[in-house]
Amino acid sequence: MAGTVIVISGSLRAGSFTSALCRAIVNQYPNFVMRDYVRALPTYDGDLDTATPPQSVADLRRELGESHAVLIGTPEYNYNVPGGLKNVIDWASRPFAKHCLIGRRIGVFGCSPGDRGGKASVEYLRNMIPLFGATLIGPELLIPKVNTVIGDDGSIEASVMQRLSSLAGELAA
Ligand SMILES: Cc1cc2nc3c(=O)[nH]c(=O)nc-3n(C[C@H](O)[C@H](O)[C@H](O)COP(=O)(O)O)c2cc1C
């Protein structure tokens, strides 16, 4: 069994579609765990980024550094990733060239109630991942009309679950 795959949802909302999809994956794979870094971290501040950063930052860097891979689920806010998710990446990607994401395998999916499935936010992340030294895994995975694919019991439409599982399988490998 491979090591831990850390799953990060870009949404804080209790009723988040993105988080519902993340939970569905975590429920299928025992070595996938969800982490709420978006809520836990302060806004990036270079003055806090010392040899003894806030505990939430130290936890983030240790957990990502020890992980087998990372899966990011993102909504789209104004044609980009939510600010809180960008903040997670900013903390994780320091110190420059010596950080916990160097060589880390990262997969991304996007979703939206709209027709584009979060395409702009996913493109943004997929372009950024190699730039900070991580390895992008999987195809562009967009889930449009996401509000129609999740049941009240959290069940996910089979074709969507199959696409998510395919990416999760690549990350678990
Ligand atoms: C500030 C803000 C900006 C948004 N901008 C976009 C956008 O650019 N494209 C889009 O498809 N949906 C946009 N939406 C709608 C979100 O896709 C929708 O609220 C979605 O349900 C958020 O994801 P969640 O369900 O995981 O919280 C925006 C929502 C908010 C709150």
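Anything mentioned here points back to the structure above.
Conventions and cut-offs
Residues numbered from 1 in each chain as written. Predicted model: local features only at pLDDT ≥ 70, side-chain atom pairs only at ≥ 80, totals over all residues. Buried ≥ 20, exposed ≤ 12 C-beta atoms within 10 Å, placed from the backbone. Helix = DSSP H or I, 4+ residues; strand = E, 2+ residues; numbered from the N terminus. Pairing = 2+ DSSP bridges. Core = buried A, V, L, I, M, F, W, Y, C linked by C-beta atoms within 7 Å. Contact = placed C-beta atoms within 7 Å. Right-handed = clockwise from strand over helix to strand, strands pointing away.

1. Considerations on the pairing of strand β1 (residues 5–9)
Here is step 1: With five of five residues buried, β1 lies mostly within the body of the structure.
Here is step 2: Burial of β1 is two-sided: the residues Val5, Val7 and Ser9 facing one way and the residues Ile6 and Ile8 facing the other way are all buried.
Here is step 3: Pairing between β1 and strand β3 (residues 69–74): five bridges, direction parallel. Across the sheet, residue Ile6 finds its bridge partner in β3, namely Val70.

2. Structural notes on the nonpolar core
Here is step 1: Formed by 44 residues in total, the largest nonpolar core has its most connected members in Leu21 and Val70.
Here is step 2: When near neighbours in sequence (up to four residues on either side) are disregarded, Val70 contacts Val5, Ile6, Ile8, Leu64, Arg104 and Ile106.

3. Some details on the pairing of strand β4 (residues 105–111)
Here is step 1: Among the seven residues in β4, seven count as buried, and that is most of the element.
Here is step 2: Residues Arg105, Gly107, Phe109 and Cys111 of β4 are buried on one face, and the alternating residues Ile106, Val108 and Gly110, pointing to the opposite face, are buried as well.
Here is step 3: Sheet topology places β3 next to β4; five bridges connect them, and they run parallel. When the bridges of β4 are listed, Val70 appears paired with Ile106.
Here is step 4: The parallel pair β3 and β4 is bridged by helix α4 (residues 83–92), and the resulting crossover is right-handed.
Here is step 5: Pairing geometry for β4 and strand β5 (residues 135–137), over three bridges, is parallel. The partner of Gly107 across the bridge, within β5, is Ile137.
Here is step 6: Between β4 and its parallel partner β5, the chain crosses via helix α5 (residues 119–131), and the hand of that crossover is right-handed.

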